[in-house]
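Per-entry structural report
What follows is each chain in one-letter form.
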Amino acid sequence: MELVLSIGIGVMTGSGVWLILRPRTYQVIVGLSLLSYAVNLFIFGVGGLKVNAPPLLGTGADVSTLADPVPQSLVLTAIVIGFATTALFLVVLLASRGLTGTDHVDGKERPK
Amino acid sequence: MTGLSHHLIVAPILVPFVAAAILLFIDERSRVTKAMISLGATVIMLTVALLLLHMANGMENAAGNAGGVYLLGNWPAPFGIVLVLDRLSAMMLMLTATLAIPALAFSLARWHNSGAHFHTLFQLLLMGLNGAFLTGDLFNLFVFFEVMLAASYGLLLHGSGQLRVKAGLHYLVINLASALLFLVGVSLVYGTAGTLNMADLALRLPELAPDRRVFLEAGLAVLGVVFLIKAGVWPLNFWLPTAYSAAAAPVAGIFAILSKLGIYILLRLVMLTSGDGTALTEVARTVLLFGGLATITFGAIGVLASQALGRLAGYSVLVSTGTLLTIIGFGGQASASGALFYMVSSTLTIAAFFLLIELIERGQDAGASVLAVSMEVYGDADEDDADDEIGVTMPGTMAVLAVCFSACAILLSGLPPLSGFVAKFAILSGMIGSGAESDAAIGPAGWVSATLLILSGLCALIAMTRSGIRTFWASIEGTVPRVLVIEVAPVLMLLTLTLVLTIGAGPVMRYMQETTATLSEPRNYINAVFEARRIGQEAARP
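About the thresholds
Residues numbered from 1 in each chain as written. Chains lettered and ligands numbered in written order. Predicted model: local features only at pLDDT ≥ 70, side-chain atom pairs only at ≥ 80, totals over all residues. Heavy atoms only, no water. Helix = DSSP H or I, 4+ residues; strand = E, 2+ residues; numbered from the N terminus. Buried < 20%, exposed > 50% of the residue type's maximum accessible area, 1.4 Å probe, protein only. Contact = heavy atoms within 4.5 Å. Areas by Shrake-Rupley, 256 points an atom, 1.4 Å probe, with all protein chains shown as cover. UniProt positions renumbered as here; feature names shortened; annotations may be inferred. Buried area = accessible area lost by both parts, 1.4 Å probe. Salt bridge = Lys/Arg side-chain N within 4 Å of Asp/Glu carboxyl O. Polar contact = N/O pair within 3.5 Å; in protein donor to acceptor, adjacent residues only side chain to side chain. Nonpolar A, V, L, I, M, F, W, Y, C, P; charged D, E, K, R; others polar. Expected span 1.5 Å × (residues − 1). Phe/Tyr/Trp six-rings, centres within 6.5 Å; stacked < 30°, edge-to-face > 60°. Core = buried A, V, L, I, M, F, W, Y, C linked by side-chain atoms within 4.5 Å. Axes fitted to C-alpha atoms, helices over the stretch in contact; angles between N-to-C directions. Parallel < 35°, antiparallel > 145°, perpendicular 65-115°, else oblique. pLDDT = per-residue confidence, 0-100. Patch = residues over 30% accessible without salt bridge, like charges linked within 9 Å, V, L, I, M, F, W, Y side chains within 5 Å.

**Some thoughts on the overall build of chain B**
- When its secondary structure is counted, chain B shows 23 helices and two strands.
- Relative to its 542 residues, chain B shows a buried fraction of 60%.
- Partitioning the intrachain contacts of chain B with sequence separation of at least 6 by distance along the chain shows that 80% fall at a separation of at least 24.
- Carbon and sulfur atoms form 68% of the exposed surface of chain B, whose accessible area is close to 19700 Å².

Structure below.
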């Protein structure tokens, strides 16, 4: 499971970094989304990977059978914030497209 | 400390938050109401900041004084989220509030009309800043960072126009990417140290097993990169001059403190982990020193090369960042208290300069200005100016502007008699002068830093003289800009504050020295956080 998760994070980060270095705003936004998925999975990963372990604490419960709840709450916050800022970026992207007539990140095409 | 005054600590977050929420419900057309609410909230914030400053100043250095720790949700320290008020955070709160009032007053002349929700975004920006200064928890810091950034995206785009949208796009992508890095850093720290509380982290740091330490150090390094991006260290700062010079004047004025937020966190983390006794702090200091030196050099070259005044101011922000980073990296209490003084002085100066630039460029030909877009906004605004007179058009406008401009030049280059000189003098005497606490020989780092510091002042002087002559003496059009009293008053207010800072340099420097003395004893901070009592618990004790 660790291997699958780390390959997933690696592939998404690699593609994300490649895409945010591309000159089109659409590529950049897809790249940022991929990167944020990778980061969210990464946060999950630092809590330790466990299957079928609830993040709940009862009296007398064995801590080793439970999942760490903190990374889960961190991930939830990160998802919400990441979603909101990506939506904001989308608005700016459209405004830039409307004002300049091109989807190049610099607002103008490279002279040929 | 008990009672109501203790709850003041959370007020700098709540006041702008409530104000922003109320402002959302008021229609865009009732501008006066909105402006009054926004200004009122900011004045309350300034009062609270003053009280908190007084409170922090009264605190003793001795360990065990937990008066400045506020337990949100009444959970004890490593489990719940804490707000920590000490001298440094109180000073930053004060600086934010002092900067916010002139920027807001300036915007009342016309800027707050040129887009929707200006006041709401402004208040949210203040909330994010105050929260980030107060928090004692890394993840909470991330949340406040994002609140501040989200508001700053909106404010940067305020007034619209192609230039702003382009600069805003770059600013957004840079900050989204750095937010992701922030998350990576925070989760690495949590994964290895098992805590996000800064005090708890400093406590656990020396006890970690070496194989986990590697990851923790990597996490802290990633976090450091995020704050360096925010502060604008070379080579992560190419977005900064463009973004700051594209922003509307009052927005750029308040943005002057955004880069100082990165510096604040770096200073806090470096100081907290300095009790660790390993190579970690040494490495961090070296990076900061060299990054700072490179940033000063880059900023000074940029200042010399700038054609437009807006870019000149943007590069001045970089010089200021570089100076502060160099001194944090250099270490030493005497120069660090000078650096804090410099931080206050340069933030006020740069904010005043950003506001002033807009007034000066208003008189110039739209084609001659790089800020052609904002000139278009004025073209529209000038027409309804006659019926919508807020203040009196001043006679001798150019003279007032020229005086302000020369004051800015003196402050930026660090010449006497204003506070820029006092700040640089304090820094240099801490580095190479009699103020240095050890008798050890001054190393090459000290000499290089001191030389670059003085040279950057010279560059600022040359650039400011050149632009001053071009603007005031050799102006081609010779048109006098229409400037309202309410627009020039904030600039004068900020410049007067630097004068006050010069006259009151003694008490202010004493405060800064106490601040650095407190910071250099991380045990104070850690003990204060852990000894904070829950409210119920406190009542139960005799």
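Let's pick the thread back up.
**Regarding the UniProt feature "transmembrane region" (unreviewed entry) in chain A**
- Summarizing the sequence annotation, UniProt attributes the feature "transmembrane region" (unreviewed entry) to residues 6–21, 28–49 and 74–95 of chain A in the numbering used throughout.
- Taken end to end, residues 6–21 of chain A is 94% helix and 0% strand, and its first and last C-alpha atoms sit 23 Å apart.

**Describing the interface of chain A and chain B**
- With 28 residues of chain A at the interface, the matching set in chain B holds 25 residues.
- Between chain A and chain B, roughly 2400 Å² of surface is buried when both sides are summed, and carbon and sulfur atoms account for 84% of that area.
- Counting the surface chain A buries against chain B, the share from its top three residues, A:L74, A:V92 and A:L99, is 20%.
- Counting across the chain A and chain B interface gives zero salt bridges.
- Seen at the junction of chain A and chain B, the total is two residue pairs in polar contact (both at pLDDT 80 or more).
- Every element with two or more residues in the side of chain A that touches chain B is listed here: α2 (25–46) and α3 (69–100) of chain A.
- Among the elements that take part in the side of chain A that touches chain B, α3(A) stands out by supplying 15 residues, more than any other.
- Looking at the side of chain A that touches chain B, its residues break down into 19 nonpolar, six polar and three charged.

**A short note on helix α17 (residues 397–413) of chain B**
All names here are of chain B.
- Here α17 is 17 residues long and its end C-alpha atoms lie 24 Å apart, about the 24 Å a rise of 1.5 Å per residue gives.
- Within α17, burial applies to T397, L401, C404, F405, A407, C408, A409, L411, L412 and S413.
- Those residues of α17 hidden inside the fold are in contact with α14 (309–330), α15 (333–361), α18 (419–431), α19 (444–473) and α20 (485–503).
- Phi turns positive, to about 75°, at G414, one or two residues after α17.

**A short note on the packing of aromatic side chains**
All names here are of chain B.
- On inspection of all chains with the given rule, the structure shows 16 aromatic pairs over all chains.
- Measuring from centroid to centroid gives 5.5 Å for F139 and F142, while their planes differ by 40°, and the two rings are tilted. Remark: F142 and F139 occur in helix α6 (residues 138–156); sequence separation between them is three residues, near one turn of the helix.
- Relative to Y171, the ring of Y153 lies with its centre 5.7 Å away and its plane at 80°, an arrangement referred to as edge-to-face. Taken together, the residues Y153 in helix α6 and Y171 in helix α7 (residues 162–193) connect sequence positions 18 residues apart.
- For Y153, a relative accessible area of 2% puts it in the buried group.
- Given the relative accessible area of 1%, Y171 is considered buried.
- Aromatic ring contacts, followed pair by pair, group Y153, Y171, W239, Y244, F255 and F354 into a single cluster.

**Considerations on the nonpolar core**
- In this structure, A:F89, B:L85, B:F227 and B:F353 are the most contacted members of the largest nonpolar core, which totals 199 residues.
- Per-element tally for this core: the top contributor is α15(B), with 17 residues.

**Re the pattern of salt bridges**
Residues and elements named next belong to chain B.
- One pass over the full model with this rule turns up six salt bridges over all chains.
- Close ionic contact of D86 with R268 constitutes a salt bridge, the shortest N to O distance being 2.8 Å. Note that D86 is positioned in the loop between β2 (81–84) and α4 (87–107) and R268 in helix α12 (residues 258–272), a separation of 182 residues in sequence.
- Taking the relative accessible area as the measure of exposure, D86 reaches 11% and is therefore buried.
- Notably, a salt bridge pairs R213 with E217, separated by 3.0 Å at the nearest N-O pair. Taken together, the residues span about one helical turn, with R213 and E217 both in helix α9 (residues 210–231) at a distance of four residues.

**Side note on the environment of B:L149**
All names here are of chain B.
- Mapped onto the secondary structure, L149 falls in helix α6.
- With 27 residues separating them along the chain, L149 and L176 place their C-alpha atoms 9.2 Å apart.
- Setting aside chain neighbours within four positions, we find L149 in contact with Y171, N175 and K230.

**Observations concerning the packing of α12(B) against α14(B)**
Residues and elements named next belong to chain B.
- Taken N-terminus to C-terminus, the directions of α12 and α14 make an angle of 5°; their axes are 10 Å apart at the nearest point. Taken together, α12 and α14 sit at an angle that is classed as roughly parallel. Where α12 abuts α14, its residues S259, K260, I263, L266 and L267 lie against V317, S320, T321, L324, L325 and I328.
- When grouped by side-chain class, the residues that make up the contact of α12 with α14 number seven nonpolar, three polar and one charged.

**Considerations on the environment of B:G329**
Residues and elements named next belong to chain B.
- Tracing the chain through its elements places G329 in helix α14.
- Residue classification places G329 among the buried positions, given a relative accessible area of 8%.
- Here the alpha-carbon distance between G329 and T281, two residues 48 residues apart in the chain, equals 9.4 Å.

**Considering α18(B)**
Residue and element names in this part refer to chain B.
- Across its 13 residues, α18 extends 18 Å between first and last C-alpha, which sits within 8% of the 18 Å expected from 1.5 Å per residue.
- Among the residues making up α18, those that are buried are S419, G420, V422, A423, K424, A426, I427, L428, G430 and M431.
- On its buried face, α18 is in contact with α14, α15, α17, α19, α20 and α21 (505–519).

**Re the confidence of the model for chain A**
- Of all residues in chain A, 99% attain a pLDDT of 70 or more, and the chain-wide mean is 85.
- Taking the mean pLDDT of every element in chain A, the minimum, 86, falls on α3(A) and the maximum, 92, on helix α1 (residues 2–20) of chain A.

**Re a nonpolar patch on the surface**
Residues and elements named next belong to chain B.
- Among the surface-exposed residues, L14, F17, V18 and I22 lie close enough to one another that they form a single nonpolar patch of about 340 Å² accessible area.
- Here V18 lies in helix α2 (residues 11–25).
- For V18, a relative accessible area of 44% puts it in the partly exposed group.

**Overview of the side chain of B:S89**
Residues and elements named next belong to chain B.
- With respect to the secondary-structure elements, S89 resides in helix α4.
- Within the structure, S89 has its side chain in polar contact with the backbone nitrogen of D86 (distance 2.9 Å).
- When neighbours within four sequence positions are excluded, S89 is seen to be in contact with V84, F133, Y264 and R268.

**Describing the environment of B:A517**
- Tracing the chain through its elements places B:A517 in helix α21.
- Separated by 180 residues in the primary sequence, B:A517 and B:S337 place their C-alpha atoms 8.8 Å from one another.

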